[in-house]
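Chain residues, written in single-letter form:
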Amino acid sequence: MTATNNEKALERFHAVVSDVRDALEAIEEANDGHYDLSPDEIHWGHVGDVQRTLDGLKGILADIRGEAK
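These remarks concern the structure in this document. Position numbers for residues count from 1 along each chain, tracking the sequence in the order it is written. Side-chain atom pairs in this predicted model are given and counted only at pLDDT of 80 or more, local residue features only at pLDDT of at least 70, and totals for whole chains, interfaces and linings cover all residues. Note: side-chain values were computed over all heavy atoms of the structure, leaving out hydrogens and water.

1. What to know about the overall build of the chain
Phase 1: Helix numbering and strand numbering both begin at the N terminus, where a helix is a DSSP run of H or I of at least 4 residues and a strand a DSSP run of E of at least 2. A tally of regular secondary structure across the chain gives two helices and zero strands.
Phase 2: Computation of the radius of gyration draws on C-alpha atoms alone. For the globule rule, the value is 2.2 Å times the number of residues to the power 0.38. In terms of C-alpha radius of gyration, the chain reaches 17 Å, well past the compact-globule figure of 11 Å for 69 residues.
Phase 3: Looking at the 69 residues of the chain, the share that counts as buried comes to 4%.
Phase 4: All accessible areas in this document rest on Shrake-Rupley with a 1.4 Å probe, and a residue is counted as covered only by the protein chains that are shown. In the form shown here, the chain has an accessible surface area of approximately 6,100 Å², with 57% of it arising from carbon and sulfur atoms.
Phase 5: Counted as positive: Lys and Arg. Counted as negative: Asp and Glu, with His and the chain ends omitted from the count. Throughout, a charge is located at the NZ atom of Lys, the CZ atom of Arg, the CG atom of Asp or the CD atom of Glu. The averaged location of the 15 negative side-chain charges in the chain is 10 Å from the averaged location of its 7 positive side-chain charges. Burial classes follow relative accessibility: with a 1.4 Å probe on protein chains only, a residue under 20% of its type's maximum area counts as buried, one over 50% as exposed, and anything between as partly exposed.

Okay, here's the thing in structure tokens:
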């Protein structure tokens, strides 16, 4: 029973890792494209949006590294 559960957990783990990779690629693409904004369009709301993205990523990295937040 444990081997089957571990196999299922491993399969799901790999599926989620693949989804994380896809999400990171989408974030990188949006970041590289400056979120499809021209310099004339950018306002403080956009600054807040990218700051929240950065804060979320820092939180994720802290979790991965086992760091206190």
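Having seen the model, we can carry on.
2. Quick notes on the layout of surface pockets
Phase 1: We place a 1 Å grid over just the protein atoms. Points where a 1.4 Å probe fits but has no way out form a cavity, open points with protein on both sides within 12 Å along at least 5 of 7 lines form a pocket, and any residue with an atom within 4 Å of a point lines it. Grid points are joined across faces, edges and corners, and a volume is the space filled by probe spheres set on the points. Empty space within the largest pocket amounts to approximately 160 Å³.
Phase 2: In terms of lining residues, the largest pocket is bounded by Val20, Leu24, Ile27, Leu57, Ile60, Leu61 and Ile64.
Phase 3: For the lining of the largest pocket, the elements supplying multiple residues, two or more each, are helix H1 (2–32) and helix H2 (44–65).
Phase 4: Considering each element in turn, the lining of the largest pocket owes the most residues, four residues, to H2.
Phase 5: Charged means Asp, Glu, Lys or Arg here, nonpolar means Ala, Val, Leu, Ile, Met, Phe, Trp, Tyr, Cys or Pro, and polar covers whatever is left, Gly included. Its residues assigned to classes, the lining of the largest pocket comprises seven nonpolar, no polar and no charged.

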